[in-house]
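Spelled out, the chains give:
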Amino acid sequence: KDLIMRLCQLCNDELEVKEYERLSTLTVANHSLGGSLRNIEQGDCIVAFGRKKIHQLKRDIEAKTPYRCCVVYGSLPPQTRQEQAKLFNERGSHAPGQSFDVLVASDAVGMGLNLE
């Protein structure tokens, strides 16, 4: 953070730093999916790189599991990312087949979204 702030000062650019408190624990699974998307569970977040890969994973997960997916990646408008996060956070509060159970995202998932 300090390096970026210094570079911006040297370039006479403005920088706004926003820091967020993590409201829930981030847990990395201690096992892999074993090569099968069928091992995905409700509430999982699958991180992929590249918009095409994210959308392909979404299609594959929805075809091979009973789950519906939200997507988040960097080039989505902030409002859309927030809407997708809200849908994901509301999982289980809708009738079966009406909720979004899995999040497929790029590393943008950590950009100011509160996920449960």
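Scroll up to find the structure this text is about.
So, here's what we can say about the structure. (Residues numbered from 1 in each chain as written. Predicted model: local features only at pLDDT ≥ 70, side-chain atom pairs only at ≥ 80, totals over all residues. Heavy atoms only, no water.)

Here we look at the sheet that holds strand 2 (residues 69–72)
Here is the rule: Between any two strands, pairing holds if DSSP finds at least two bridges. To qualify as a helix, a DSSP run of H or I must reach at least 4 residues; to qualify as a strand, a run of E must reach at least 2; elements of each kind are numbered from the N terminus. For helices, the fitted line uses only the C-alpha atoms of the stretch in contact; every axis is such a line through C-alpha atoms, and the angle between N-to-C directions lies from 0 to 180 degrees.
Taking strand neighbours across the sheet as the criterion, the three strands line up as 1-3-2 in an open arrangement whose pairing is parallel. Looking along the sheet, the strands with just one partner apiece sit at the ends: strand 1 (45–47) and strand 2. Strand after strand, the sheet turns through a mean of 20° between neighbouring axes, direction not considered. Bridge count between strand 1 and strand 3 (residues 102–105): three bridges; the pairing is parallel. Bridge assignment links Ile-46 to a residue of strand 3, and that residue is Val-104.

Section: the pattern of salt bridges
As a reminder of what qualifies: When a carboxyl oxygen of Asp or Glu is within 4 Å of a side-chain nitrogen of Lys or Arg, the pair counts as a salt bridge. Each residue gets one of three labels from its accessible area relative to the maximum for its type: buried under 20%, exposed over 50%, partly exposed in between, using a 1.4 Å probe on protein chains only.
Scanning the model with the defined rule gives two salt bridges in all. For Lys-58, the salt bridge is made with Glu-62, and the minimal N-O distance between the two is 3.0 Å. Pair noted here: Lys-58 and Glu-62 are both in helix 2 (residues 51–64), with a separation of four residues, about one helical turn. With a closest N to O distance of 3.7 Å, Lys-86 and Glu-90 form a salt bridge. Owing to a relative accessible area of 25%, Glu-90 belongs among the partly exposed residues under this scheme.

Here we look at the pairing of strand 2
Covered by surrounding structure in strand 2 are Cys-69 and Val-71 together with Cys-70 and Val-72, the residues of both alternating faces. Here strand 2 runs beside strand 3; their pairing, made up of four bridges, is parallel. Note on strand 3: the bridge partner recorded for Val-72 is Ala-105.

Some details on the nonpolar core
Heads up, the rule is: Residues grouped as a nonpolar core are buried Ala, Val, Leu, Ile, Met, Phe, Trp, Tyr and Cys residues, joined through side-chain atoms within 4.5 Å. By definition, residues are in contact when any of their heavy atoms lie within 4.5 Å.
Residues Ile-40, Ile-46, Ile-54, Leu-57, Ile-61, Val-102 and Val-104 are the most contacted members of the largest nonpolar core, which totals 14 residues. The set of elements that each furnish at least two residues to this core consists of helix 2, strand 2 and strand 3. Residue contributions to this core peak at three residues, all from helix 2. Here Ile-61 is in contact with Leu-37, Ile-40, Ile-46, Tyr-67, Cys-69, Val-102 and Val-104, once residues within four sequence places are set aside. Judged by nonpolar contacts, the second largest core, of seven residues, contains Cys-70, Val-72, Phe-88 and Leu-103.

A closer look at the state of the cysteines
Rules: Put simply, a disulfide is two cysteine sulfurs that come within 2.5 Å.
Tallied over the full model, the rule gives zero disulfides. Counting only cysteine sulfurs, Cys-70 is the nearest neighbor of Cys-69, a cysteine outside any disulfide, at a range of 7.8 Å. Taking relative accessible area as the criterion, Cys-69 reaches 1% and is therefore assigned buried.

Keep in mind that these numbers describe shape and distance, not what the molecule does.
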